[in-house]
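Each chain, letter by letter, is given below.
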Amino acid sequence: MKIGFVGLGCARNLVDLEAMLGLLRQHQYEITLRPEKAEILLINTCGFIREAVEESTEAILEAAEWKRKGRIQKIVVSGCLPQRYQGELSKELPEVDAFLGSGEQARIVEVIDRLSKGVTFLPNHWPHPRFLVDGDTPRFSLTPPYTAYLKISEGCLNSCRFCIIPKIKGGYRERSLESILEEARRLSETRPLKELNLIGQDTSLYGLRHYGKKKLPKLLRGLSRFGKIPWIRVLYLHPAHFTDELIEVFQTEQNICSYIDIPIQHASDKILFSMKRECTQNQMRSIFGKLREALPELTLRSSVMVGYPGEDEKDFETLLQFIEEIQFDRLGAFIFSKEEGTEADRLPDHLPEELKGERYRKVMTLQREISKKRLERFVGKTVEVLLEEADAKDPTLWIGRRQGDAPEVDGQVFVRFPSGTNGQKKGVLRPGEIVSVLVQQSLDYDLVGEAV
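As the structure is a prediction and not an experimental result, all values here were calculated from the model.

Draft legend 1. Region of interest: the overall build of the protein. The number of helices and strands found in the protein is 14 helices and 18 strands. Whereas a compact globule of 452 residues would reach a radius of gyration of roughly 22 Å, the protein reaches 23 Å, a difference of no more than 12%. Across the protein, contacts joining residues at least 24 apart in sequence account for 75% of those joining residues at least 6 apart. Carbon and sulfur atoms form 49% of the exposed surface of the protein, whose accessible area is close to 19700 Å². Side-chain charges in the protein split into 65 positive and 67 negative, and the spacing between the mean points of these groups amounts to 3 Å.

Written as structure tokens, this is what we have:
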């Protein structure tokens, strides 16, 4: 039977979906990129916050309408949503033919086999997730051939009071160094890989479970000295677990992107303590100072949360002042979401939605100005750009990213190729090429330049 899919949520979810599709393809199922043309539709969901739950539910209801009209035959819902709401969804969504929790990816072939034979499969409860994609797991790539995500760990050891992830994704677990290096080698040998993005819930912990101590620096050195991948980027580092050895790796290994993503969540020590973030404002200030000193060209990304219970005006002003002081190149902001099952849900002093929205807008207004100012330093300089897409009407205009732009979440570089160059000839340039670009203009979040 023909399998279609809908993928929701983060890059970690994307890798899980790639694994399930890879297992299905290994067992001779046909995968279609057009979900409305499928016989069985697999929806891999996110359930992290209220907005993600709503998006996942809307996708399921849309699929249910396709099923009612006879466009698809079966619906399978997997991932965070069924894991979080065990036992509830089959009552609320009777159109769904099977549910799979966030640690049940390896059972996807069994589920589809049964459904294709007309056998109902509706378990409603799953144990704590233990599944982890490894080097032997087949994957059906959902990224362009020049870029890939490599999951080095899953689950979380941290106990942030606002976060439901440990209950959805399970306890912290990780792969061996050998497994990760082997998968990276295979990826680089089977596709024109230019960019490898390492992911996990907290990548800075890598090594703690498998080896008893942090091994991320060793892993990065191994990947770097492998030598076949121009850009290696690490995502989702925790400020409480950052080390001087890790800074040295970023400083010395040439193909480790000078891009560091450290979600801080807040800057008020009172709020950080309430969140159980395990670090203080001064500790974060020290880390960022060391990073900027060691890596002058660093792109520093973070994320913050506004409207956490008990956040008063002084706490919020402290956050704004810290953002202004550190000058993050990239910053995502989130409004605190009251999530059932988290400790923060039971805290007193929840803020009105209107006030939370106002604080969110203030943070993003401030960050837009900081981002624009930070990008101005590139004007007149030459940067390396990974080309991703040509303009449909003008083959001399391309859109790409520099090392300081992670896929999906950051800005872009608009690249003009001078008249008479290869960029003007269709078919000469291809997505995935890295070119030198002279930056001519900076925007709020993007750059504009001309290929050298």
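Draft legend 2. Looking closely at the packing of helix α13 (residues 313-326) against helix α14 (residues 353-375). Between α13 and α14, the shortest axis-to-axis distance is 10 Å and the interhelical angle comes to 15 degrees. Accordingly, the angle class assigned to the pair α13 and α14 is roughly parallel. Handedness of the crossing formed by α13 with α14: right-handed. Contact residues: Glu313, Phe316, Leu319, Leu320, Ile323 and Glu324 in α13; Leu355, Arg359, Lys362, Val363, Leu366, Gln367 and Ile370 in α14. Split by residue class, the contact of α13 with α14 holds 8 nonpolar, 1 polar and 4 charged.

Draft legend 3. Highlighting the environment of Leu100. By secondary structure assignment, the location of Leu100 is in strand β5 (residues 98-100). Take Leu100: its relative accessible area is 0%, and that puts it in the buried class. The spatial distance from the C-alpha of Leu100 to the C-alpha of Lys151 is 20 Å, given a sequence separation of 51 residues.

Draft legend 4. Focus on the pattern of salt bridges. Taken as a whole and assessed by the stated rule, the structure comprises 38 salt bridges. With its nearest N and O atoms 3.3 Å apart, the salt bridge here joins Arg292 to Asp329. Taken together, the positions of Arg292 in helix α12 (residues 281-294) and Asp329 in the loop between α13 and β13 (330-335) put the pair 37 residues apart, joining distant regions of the chain. We classify Arg292 as partly exposed; its relative accessible area is 23%.

Draft legend 5. Spatial organisation of the state of the cysteines. Applying the stated rule across the entire model yields 0 disulfides. With no disulfide of its own, Cys163 lies closest to Cys160 among cysteine sulfurs, the gap being 6.2 Å. Not engaged in a disulfide, the cysteine Cys257 finds its nearest cysteine sulfur in Cys10; these two sulfurs lie 20 Å apart.

Draft legend 6. Fine view of the packing of aromatic side chains. Evaluated as defined, the whole model comprises 3 aromatic pairs. Taking 6.4 Å as the distance between ring centres and 50 degrees as the angle between the ring planes, the aromatic pair formed by Phe288 and Phe322 counts as tilted. Here Phe322 lies in helix α13 and Phe288 lies in helix α12, a separation of 34 residues in the sequence. Residue Phe288 is classed as buried on the basis of its relative accessible area, which comes to 3%. On the basis of relative accessible area, Phe322 is assigned to the buried category, the value being 1%. Arranged with centres 5.5 Å apart and planes meeting at 75 degrees, the rings of Tyr308 and Phe336 form a pair that is edge-to-face.

Draft legend 7. View of a negative patch on the surface. Taken together, the side chains of Glu51, Glu54, Glu55 and Glu58 define an acidic patch exposed on the protein surface. Take Glu51: it is sitting in helix α2 (residues 50-68).

Draft legend 8. Looking closely at the environment of Asn282. Note on placement: Asn282 falls in helix α12. The sequence separation of Asn282 and Ala267 amounts to 15 residues, and the corresponding C-alpha distance is 9.1 Å.

Draft legend 9. Molecular detail of unusual backbone geometry. With a phi angle near 70 degrees, Gln265 is a residue other than glycine that sits in the positive phi range. Locating Gln265 in the fold gives a position in the loop between β11 (256-261) and α11 (269-275).

Procedures and definitions
For every chain, the first residue of its written sequence is number 1, and the numbers climb from 1 along that sequence. Two thresholds apply to this predicted model, a pLDDT of at least 70 for residue-level local features and 80 or more for giving and counting side-chain atom pairs, whereas whole-chain, interface and lining totals are computed over all residues. Side-chain metrics rest on all non-hydrogen atoms present in the structure, leaving aside hydrogens and water. The way it works is that DSSP assigns letters per residue, a run of H or I at least four long becomes a helix, a run of E at least two long becomes a strand, and they are numbered from the N terminus. The quantity called the radius of gyration is restricted to C-alpha atoms. Its globule counterpart is 2.2 Å times the number of residues to the power 0.38. Residues are treated as being in contact if the distance between any of their heavy atoms lies within 4.5 Å. Throughout, the Shrake-Rupley method with a 1.4 Å probe supplies accessible areas, and for residues the shown protein chains are the sole cover considered. In this tally, Lys and Arg are treated as positive and Asp and Glu as negative; His is ignored, and so are the chain termini. To locate a charge, take atom NZ for lysine, CZ for arginine, CG for aspartate or CD for glutamate. Interaxial angle, 0 to 180 degrees, is taken between N-to-C directions of lines fitted to C-alpha atoms, where a helix line uses only the stretch in contact. An angle below 35 degrees is treated as roughly parallel, one above 145 as roughly antiparallel, one from 65 to 115 as roughly perpendicular, and anything else as oblique. Crossings are classed by handedness, with left-handed meaning an anticlockwise turn of the near helix from the far one by less than a right angle and right-handed meaning a clockwise turn. When residue character is reported, Ala, Val, Leu, Ile, Met, Phe, Trp, Tyr, Cys and Pro are called nonpolar, Asp, Glu, Lys and Arg charged, and the others, Gly included, polar. Only protein chains enter the accessibility calculation, which uses a 1.4 Å probe; a residue is then buried when its area is under 20% of its type maximum, exposed when over 50%, and partly exposed in between. Salt bridges are defined as contacts in which a side-chain nitrogen from Lys or Arg sits within 4 Å of a carboxyl oxygen from Asp or Glu. Disulfides are defined as cysteine sulfur pairs within 2.5 Å. Any Phe, Tyr or Trp ring, taking Trp's six-membered ring, that has another such ring centre within 6.5 Å forms a pair; planes under 30 degrees apart are called stacked, those over 60 apart edge-to-face, and the others tilted. Candidates for patches are residues over 30% relative accessible area with no salt bridge; among them, like charges are joined within 9 Å and nonpolar side chains (Val, Leu, Ile, Met, Phe, Trp, Tyr) within 5 Å.

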